[in-house]
Amino acid sequence: MIGIGIIVLIWGIIFPFTDWYVRFVSPRTVKKGWGTGAKVCLTFDDGPDPRYTPEVLKILRQFQVPAVFFLVGAKAERYPDLVKRIEAEGHQIGCHAYYHRHAYLLSLWKSVVIIDKGRQAIEKITGKPVHWFRPPWGALNLFQYLFLKRHYLQVVLWNSNARDWKKKTGPAGVCKRLLKKVKPNSIIVLHDAGGEKGAPENTVAALPGIIRQLQRDGYTFVSLDEALGGKYDARRWTASKGS
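The model shown is predicted, which means the values in this text are computed figures rather than measured ones. (Residues numbered from 1 in each chain as written. Predicted model: local features only at pLDDT ≥ 70, side-chain atom pairs only at ≥ 80, totals over all residues. Heavy atoms only, no water.)

Caption draft 1: Quick look at the overall build of the chain. A count of helices and strands for the chain gives nine helices and ten strands. A compact globule built from 243 residues would reach a C-alpha radius of gyration of about 18 Å, and the chain, at 18 Å, matches this within 12%. Buried positions account for 52% of the 243 residues belonging to the chain. A fraction of 78% describes how many contacts in the chain between residues 6 or more apart in sequence connect residues 24 or more apart. Just so you have it, the chain exposes about 11,900 Å², and 57% of that area is on carbon and sulfur atoms. Charge centroids of the chain, computed over 37 positive and 19 negative side chains, lie 6 Å from each other. (Helix = DSSP H or I, 4+ residues; strand = E, 2+ residues; numbered from the N terminus. Rg over C-alpha atoms; globule rule 2.2 N^0.38 Å. Buried < 20%, exposed > 50% of the residue type's maximum accessible area, 1.4 Å probe, protein only. Contact = heavy atoms within 4.5 Å. Areas by Shrake-Rupley, 256 points an atom, 1.4 Å probe, with all protein chains shown as cover. Lys, Arg positive; Asp, Glu negative; His and termini not counted. Charge placed at Lys NZ, Arg CZ, Asp CG, Glu CD.)

This is how it looks when you write it as structure tokens:
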């Protein structure tokens with residue numbers, strides 16, 4: 001029984017405890033911007049996708065809105081021209097692992113590989129270092145936490161979401177859910193790929209209305225660098241609020 005208890009304790013430290021710490025305690029986890037003014041940062045997960053990402057880019061260009069795309073490395077390798085287009089149109093790029101796998105289901109080796117391989121895939125296409133990492137489902141384990149810290153990759157989560165990965169949410173539901181949650185300095189998460197089949201169609205349909213309403217409400221869309229007030233320091237593995 002003691003042996004089982006030790007195993008459970010170790011598992012708890014590696015997976016749920018580390019995940020809880022990163023989500024709710026760690027000062028190194030970015031979940032919102034800071035500073036004055038009604039600004040928000042728009043982010044997209046799970047792409048690039050040849051069907052939906054171009055539609056999202058078209059809408060962003062129409063409204064002159066910047067965004068951050070957290071890309072899945074395997075998809076980036078499959079659609080490198082889309083990655084280049086995202087960057088060419090002035091958006092920032094972060095890593096969303098190489099495959100979309102939950103941290104609780106990964107071995108030590110795979111935990112590290114999906115981050116490093118995903119980062120390298122993106123950097124090979126863009127020729128620039130990746131600074132931002134968003135874990136699939138927002139979950140991390142201890143192996144990943146230590147790897148990210150060692151390699152100065154900043155964990156970026158969110159504080160406003162619309163559950164747009166669910167098909168049944170619908171365009172109106174995506175818009176309504178998100179607008180209720182947005183506050184000054186919000187980091188918004190939406191999806192330009194992944195989720196349930198057909199779900200990104202809801203996001204594409206809802207996006208113009210979301211942007212229009214937030215702009216009417218006085219919000220300005222900014223990059224992640226701007227949302228953090230330009231205080232990001234990769235070598236300290238933190239986004240410092242210091243002035």
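Caption draft 2: Quick look at the pattern of salt bridges. In total, this model carries nine salt bridges according to the counting rule given. The partner of Glu-201 in a salt bridge is Lys-167, and the shortest N-O contact between them spans 3.8 Å. Here Lys-167 lies in the loop between strand 6 (160-161) and helix 7 (170-181) and Glu-201 lies in helix 8 (residues 199-216), a separation of 34 residues in the sequence. When salt bridges with common partners are traced through the structure, they connect Arg-51, Lys-167 and Glu-201 into a single cluster. (Salt bridge = Lys/Arg side-chain N within 4 Å of Asp/Glu carboxyl O.)

Caption draft 3: Examining helix 8 more closely. Relative to the 26 Å expected for 18 residues at 1.5 Å per residue, helix 8 spans 26 Å between its end C-alpha atoms, a close match to the ideal helical length. All of the buried residues in helix 8 are Ala-199, Pro-200, Asn-202, Thr-203, Val-204, Ala-206, Leu-207, Pro-208, Ile-210, Ile-211 and Leu-214. Taken together, the buried residues of helix 8 touch strand 1 (39-45), helix 2 (53-63), helix 7, strand 7 (187-191) and strand 8 (220-221). In the stretch just after helix 8, Gly-218 is the one whose phi turns positive, near 95 degrees. (Expected span 1.5 Å × (residues − 1).)

Caption draft 4: Molecular detail of the side chain of His-191. Tracing the chain through its elements places His-191 in strand 7. Other than its neighbours up to four places away in sequence, His-191 contacts Phe-44, Asp-45, Asp-46, Asp-164, Trp-165, Pro-200 and Thr-203.

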